[in-house]
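Working through the structure, step by step
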Amino acid sequence: MSRFLQVNRITRRFAGADQAALADVSFDLNQREFVTLVGASGSGKTTLLRLLAGLETPDAGEINLEGEMLSRGKQVVVPPEQRNFGFVFQNHALFPHLSVSANVGFGLAKQEDKRQRINELLELVGLEDMENRFPHELSGGEQQRIALVRALAPKPRLLMMDEPFSSLDKALRHELRGETRRLIEQQGITTIMVTHDTDDALAVSDRIVVLKDGGVEQIGAPADIYRTPANRYVASAFGACSFLERDALGARQEQPLIRGVEPSSVAQKELWLRPEDLRLKAPGTDEAIAAGAVSEVFYHGSSQLITLECSGRSGKSFTLKAIRSGDKNVPETGTRFDVVIRPGQAIFKM
Amino acid sequence: MVGLRSLGDGGEQWGRIVEYRLWEQLGSTALLIMLVAFFAIGIGVTCAWLVSAYEFRGRKTLEWLLILPLGVPAFVAGAAYLDGFEHLTPAFLWIRQNLGLDAFLFTQKMLPWIGATLVLVVTLYPYVYMSCRAAFAGQQADLIEAARTMGCSPMKAFLRVVLPLARPAMAAGAALVAMETANDYGVVSLFGLNTLTPGVFRAWSEGSLVSAMRLAFMLLALIVFVMILERAQRGRRGFASDTRERPLARLALTPARTMMAWVVIGIPLFLGFGWPVLRFLTWAISSGDFAGWPEYGGAMFNSAWLALFASVFVVLTALWLTAGRKAWQVRGGVGMQSLASLGYAIPSALLAVGVGAIVSDIAGIHGFAWLALSASAVGLVFAYWVRFMAVGIQPVAAAQAGVASDLHAAARTLGATPGRALLKVDMRLLRPALFAAATLCFVDVFKELTLTLVMRPFDFETLATLTFRLSSEGRIPEASLPALVLVAGGMLGVVVMNRMLKRQP
């Protein structure tokens, strides 16, 4: 089955740069899918988005949409204005000289129901009273909503969002990412979002493409990315993770350390642990894999992120991060705990 | 002050002016301003967009060449064209013979308009060009790209987004063009147009100070009216976006289009700079008549010391109004600064009449009669000081904004008095800006014509007045040498201005 959007071996190198901004990147998109491109700054995620929009030209590779060739090699077959893609810019890029309704209607052809479409969209985001305002008279959240419906107005084949929530504060971004997701789902529009915020990516995506230094590290559903990261980079990018060599634990091979784990995986060399995989118990626990002393505590209200300096049975020292929730008392630095792995929670790597 | 005096009894003189001259002068001024502003915007915006959005061979050179006409005083360019128009006589004869008397009279009537408009447009368009170039350079590529993704071709994006957003810049440039046009005395007199500025001086020389003041006020009202009209039109629209500034990637032009760009840019450049300079150079060389040297030298000396005095006063005031008022924390200093900047918007005619009246009033006080003798020179420097204050304040204020105010504070906490901190810290940091301000002011005074012409002491010539007198007497070849010196002085200003523009973000 041919996919909705195909990005085939795209390469882009900027003049004077040692490294390609994008090297041989390929991925596909299904119709109505919400895919997030995640990466640190310089990973090439924004460049990729701009290539898709036709705002940049690739050096090599192809971009196909529903079988239509959009870019091939160094030529943009279809210029940006003919692609019918929606683009939400990082800082919204609302036209300061145009009113809210003129901004929303910018991409609409002069037709009879233009007015109606604008009103309908403004109602969707609850801003129907704002139609005569100018962008600088709106709050950050309102600007973001207008930027979104402006991009949705011409019923784009593909919606692209470049760090849409990065200019908003935390509470607002949580509210807006939910709203944005619902709106896009309701309109049934295929979406690619670029973000460096892995929380946003995990929260809203159907699939995530992790980029690093211009290459794809991993593609997968949020749970896959979180629970079965392809490498240490991906694992640390999506949350705290402790990487342990099994030797450090000094476990005996014949006696599985961790209950509920396939014996085959016990043979693996590395053990990667998310903070919530671990439980801290009072010293003297039977199934403890390690014991250690608290070196740092981050108090989060509902939970505490605790760093333990551990010494394994073989005498090697290592660090573990564990989440402790449901306990009102914050442990003092130096408090000793035994560490237990929750059944079936660790990630094993060769 | 001028306002109060203008309410005085105008006498029958005013009645006559209203009856015979007022409406023609008002109408001509308004029409000339509109014509000049319209074409200057067209040329300025087009050239600014070409050098901002496209990449082609020679772009960087053309980018700064385009401001050269600013160094050519309009009346100097006017003199070069006046002569050219005389060569059109055969064409007029042909029109008279073939198209009849009406057509001939019509062209005769149109010609001064075409000439004055052409000269003012090609020497003033750089104001629009410079402000638009700065605006285009700071324009957010995101906004243009947003328009592209919503179905706009590059041309459409220019019309729907770039142009509307550059409007404040266009208006700012056009406002300068309008003010210079309203102020112009040299070009309109050379071409014989009857506008308000010569009208003011005519009324004054006829002895009706009150009428002169009233006319000058109408000129001011006209300028203010145009500005208010533009402001009102803008409404609540915003023009700044907090979108990050990412300069637009320049599109490369094909060789054929590069040629087109050269032609488009080359025409105003040639008309505003190449032709006048070429004309005067040929005259200067072919006439080989340097008998006027002592006269030129004296005029040049006069121009130089007037400009020197005025620019020193201006720069000192600018320093006081920017750094000084911060150092001593003068209240209401901001108001003083903007008030002082207003001088540039006051028509020269109004200023001349006002200062003239003040000087004659003071000289009337017992014991100050000596002032009447040197009055005009003192008054002249004072008038320059008021008029060119903005020229001095602007670069200093801009530099001051860039200097971290912490530096001054640091000097103070380390035990320096305000004065010492000003001398040791602020002045050192502002030195390039102070120098630039002084140069710009010097150049502006050096080539100033309108104020000088009416306020100078009897028999006192500067290079500008000399050039103007010689050209209006039809002795253009003799005027060529002082004209070239004026242009050379203007070039100095252009160089400084270009460096200041480049340093802007």
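As a further point, take the overall build of chain A. Along chain A, the regular secondary structure elements total 10 helices and 19 strands. Expressed as a percentage of its 350 residues, the buried residues of chain A come to 53%. In chain A, 67% of the contacts between residues at least 6 apart in sequence involve partners at least 24 apart. Of the roughly 15,800 Å² of accessible surface on chain A, a fraction of 45% belongs to carbon and sulfur atoms.

Among all residues save glycine, negative phi is the norm, and among peptide bonds the norm is trans. Residues and elements named next belong to chain A. Positive phi, normally seen in glycine, also occurs at Glu66, with a value near 45°. With respect to the element layout, Glu66 can be found in the loop between β4 (60-65) and β5 (68-72). You can call Glu66 partly exposed: its relative accessible area is 48%. Positive phi, normally seen in glycine, also occurs at His92, with a value near 75°. Structurally, the position occupied by His92 is in the loop between β7 (85-88) and α2 (100-104). For His92, a relative accessible area of 4% puts it in the buried group.

Moving on, we come to the sheet that holds strand β14 (residues 278-281) of chain A. The strands that make up a sheet are held in pairs by hydrogen bonds between backbone atoms, and each pair lies either parallel or antiparallel. Residue and element names in this part refer to chain A. The antiparallel open sheet is built from five strands, whose spatial order is β14-β18-β15-β16-β17. Here the strands that pair on one side only, and so sit at the sheet edges, are β14 and β17 (317-325). Neighbour-to-neighbour, the strand axes of this sheet turn through a mean angle of 45°, independent of strand direction.

A cluster of basic residues, Arg420(B), Lys424(B), Arg428(B) and Arg431(B), forms a positive patch on the protein surface. On the secondary structure map, Lys424(B) appears in helix α19 (residues 418-446).

Membership of the largest hydrophobic core comes to 184 residues, with the highest contact counts inside it found for Leu5(A) and Ile192(A). Broken down by element, this core gets its largest block of residues, 17 residues, from helix α5 (residues 89-137) of chain B. Apart from the residues lying within four places of it in its own chain, the contact partners of Leu5(A) are Phe27(A), Asp28(A), Leu29(A), Leu52(A), Ile63(A), Asn64(A), Leu65(A), Leu158(A) and Ile192(A). The next biggest cluster of nonpolar side chains, apart from the first, holds 30 residues, and it includes Leu94(A), Leu152(A), Leu168(A) and Ile189(A).

Here we take up α5(B). The α-helix winds at 3.6 residues per turn, so residues separated by three or four positions along the chain end up facing the same way. An ideal rise of 1.5 Å per residue puts 72 Å on 49 residues; α5(B) reaches only 46 Å between its terminal C-alpha atoms. The axis of α5(B) is deflected most strongly, by about 140°, at Gly100(B).

Conventions and cut-offs
- Residues numbered from 1 in each chain as written.
- Chains lettered and ligands numbered in written order.
- Predicted model: local features only at pLDDT ≥ 70, side-chain atom pairs only at ≥ 80, totals over all residues.
- Heavy atoms only, no water.
- Helix = DSSP H or I, 4+ residues; strand = E, 2+ residues; numbered from the N terminus.
- Buried < 20%, exposed > 50% of the residue type's maximum accessible area, 1.4 Å probe, protein only.
- Contact = heavy atoms within 4.5 Å.
- Areas by Shrake-Rupley, 256 points an atom, 1.4 Å probe, with all protein chains shown as cover.
- Pairing = 2+ DSSP bridges.
- Axes fitted to C-alpha atoms, helices over the stretch in contact; angles between N-to-C directions.
- Patch = residues over 30% accessible without salt bridge, like charges linked within 9 Å, V, L, I, M, F, W, Y side chains within 5 Å.
- Salt bridge = Lys/Arg side-chain N within 4 Å of Asp/Glu carboxyl O.
- Lys, Arg positive; Asp, Glu negative; His and termini not counted.
- Charge placed at Lys NZ, Arg CZ, Asp CG, Glu CD.
- Core = buried A, V, L, I, M, F, W, Y, C linked by side-chain atoms within 4.5 Å.
- Expected span 1.5 Å × (residues − 1).
- Bend = angle between axes of the 7 residues up to and from the residue.

Treat this as a map of the structure, not an account of what it does.
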